[in-house]
Amino acid sequence: MLRRARPRLLVTLLAVALAVTGCSLFERDKPSTPAAQPTPGTAGGGSQLEIPTTVAAGQVSLLQRLGEDGPMRTLSVERNGAWQCVDCAGDGVTSRGTLAPELTERLQVLLANPALANETDQARRYRTTCIDALTSSLITSTGLITSQDCPGEELTPVAGEILLLLTQATPAEVKG
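Residues numbered from 1 in each chain as written. Predicted model: local features only at pLDDT ≥ 70, side-chain atom pairs only at ≥ 80, totals over all residues. Heavy atoms only, no water.

**Overview of helix α2 (residues 101-111)**
Put simply, the test is: Categorising residues by exposure relies on relative accessible area from a 1.4 Å probe, with only protein chains included: less than 20% of the type maximum marks a residue as buried, more than 50% marks it as exposed, and the intermediate range marks it as partly exposed. Secondary structure follows DSSP: runs of H or I at least 4 residues long count as helices, runs of E at least 2 residues long count as strands, and numbering of each begins at the N terminus. Note that the arc is computed from the directions linking the helix axis to the C-beta atoms. Residue contacts are counted whenever heavy atoms from the two residues lie within 4.5 Å of one another.
Regarding α2, the residues found buried are Thr 104, Leu 107, Gln 108, Leu 110 and Leu 111. Mapping the buried residues of α2 onto a view down its axis gives an arc of 160 degrees, with all of them on the same face. Away from the buried face of α2 by more than 90 degrees, exposed residues Pro 101, Glu 102 and Glu 105 are located. Contacts made by the buried residues of α2 are with β3 (60-66), β4 (72-77), β7 (134-140) and α4 (157-169).

Shown next as structure tokens:
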């Protein structure tokens, strides 16, 4: 039986991950500040958190977590294909690399696809429905796009392709 997970849990997890790592993990070449929306929530001393829901055009961040207690994997990809992944294997190690030119070009085409705007959590009124499932959240310039690996959930077409590209081309995948 599937129990309905609290949507605020995912928001809280995203807030903590983004507060620790920042939306763009590349401080030296950060072209712009991510848009943020004030969201009720507390962390540590009860302070109000701002959760980035978008990144600059051509950038994408992926946050993944298996279940409620699994490690948070955080992948950021810049417009030029440079990526940085924090805790990709669940071992606390940070990995860096660059996508192949053809993958960078494909990613940019997908991120520029106008259909992506219809796949955001806000447009779909998305709610998480499974517990102990792999939850993947893409942060794009059009907004947050969340999906869960659980029975009956359909991947959004464009965001699904982006997720597949990122998990196949980088170490951002669950390994046990």
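**A look at the state of the cysteines**
Convention followed: Cysteine sulfur pairs qualify as disulfides if the two atoms are within 2.5 Å.
Under the defined criterion, the tally for this structure stands at two disulfides. Linked covalently through their sulfurs, Cys 130 and Cys 150 form a disulfide whose S-S length is 2.3 Å. Negative torsions about the S-S bond denote left-handed disulfides, and the value of about 85 degrees found for Cys 130 with Cys 150 makes this one right-handed. Of this pair, Cys 130 sits in the loop between α3 (121-124) and β7 while Cys 150 is found in the loop between β8 (143-148) and α4, placing the two residues 20 residues apart along the sequence. Judged by relative accessible area, Cys 130 falls into the buried class, the value being 4%. Since its relative accessible area comes to 10%, Cys 150 is described here as buried. Each bonded cysteine of the protein is numbered by sequence order, and under that numbering the disulfide pairs are 1-2, 3-4.

**Quick notes on the side chain of Thr 120**
To keep things clear, this is the line we draw: Throughout this description, a polar contact denotes any pair of N or O atoms lying within 3.5 Å of each other; where both atoms belong to protein, one of them has to be capable of donating a hydrogen while the other can accept it, and for residues adjacent in sequence the pair is counted only when both atoms sit in side chains.
Relative to the elements of secondary structure, Thr 120 occurs in the loop between α2 and α3. Reaching out from Thr 120, the side chain makes a polar contact with the backbone oxygen of Ala 117 at a distance of 3.4 Å. Not counting residues within four places of it along the chain, the set of residues in contact with Thr 120 comprises Thr 142, Gly 143, Leu 144 and Ile 145.

**Quick word on α4**
Because an α-helix packs 3.6 residues into every turn, residues spaced three or four apart end up facing the same way. Rule in force here: To estimate the expected span of a helix, count its residues, drop one, and scale the result by 1.5 Å.
Compared with an ideal rise of 1.5 Å per residue, which puts 13 residues at 18 Å, α4 spans 18 Å between its outermost C-alpha atoms and is within 8% of the ideal. All of the buried residues in α4 are Val 158, Ala 159, Gly 160, Ile 162, Leu 163, Leu 165, Leu 166 and Thr 167. Its buried side turned inward, α4 meets β3, β4, α2, β7 and β8.

**Description of the packing of α2 against α4**
Working note: a packed helix pair is described by the angle between its axes plus the distance between those axes. Threshold: For helices, the fitted axis covers only the stretch in contact; all axes are lines through C-alpha atoms, and the angles between them, taken along N-to-C directions, range from 0 to 180 degrees. Throughout, the term roughly parallel applies to angles under 35 degrees, roughly antiparallel to angles over 145, roughly perpendicular to angles from 65 to 115, and oblique to all others. Crossing handedness is read from the near helix: turned anticlockwise from the far helix by less than a right angle, it gives a left-handed crossing, and turned clockwise, a right-handed one. Residues are sorted three ways: Asp, Glu, Lys and Arg are charged, Ala, Val, Leu, Ile, Met, Phe, Trp, Tyr, Cys and Pro are nonpolar, and all the rest, Gly among them, are polar.
Where α2 contacts α4, the axes come no closer than 10 Å and their chain directions differ by 155 degrees. Judged by the inter-axis angle, α2 sits roughly antiparallel to α4. In terms of crossing hand, the pair formed by α2 and α4 is left-handed. Two secondary-structure elements touch here, α2 through Leu 103, Arg 106, Leu 107, Leu 110 and Leu 111 and α4 through Val 158, Glu 161, Ile 162, Leu 165, Leu 166 and Ala 169. Here the contact of α2 with α4 is composed, by residue class, of nine nonpolar, no polar and two charged.

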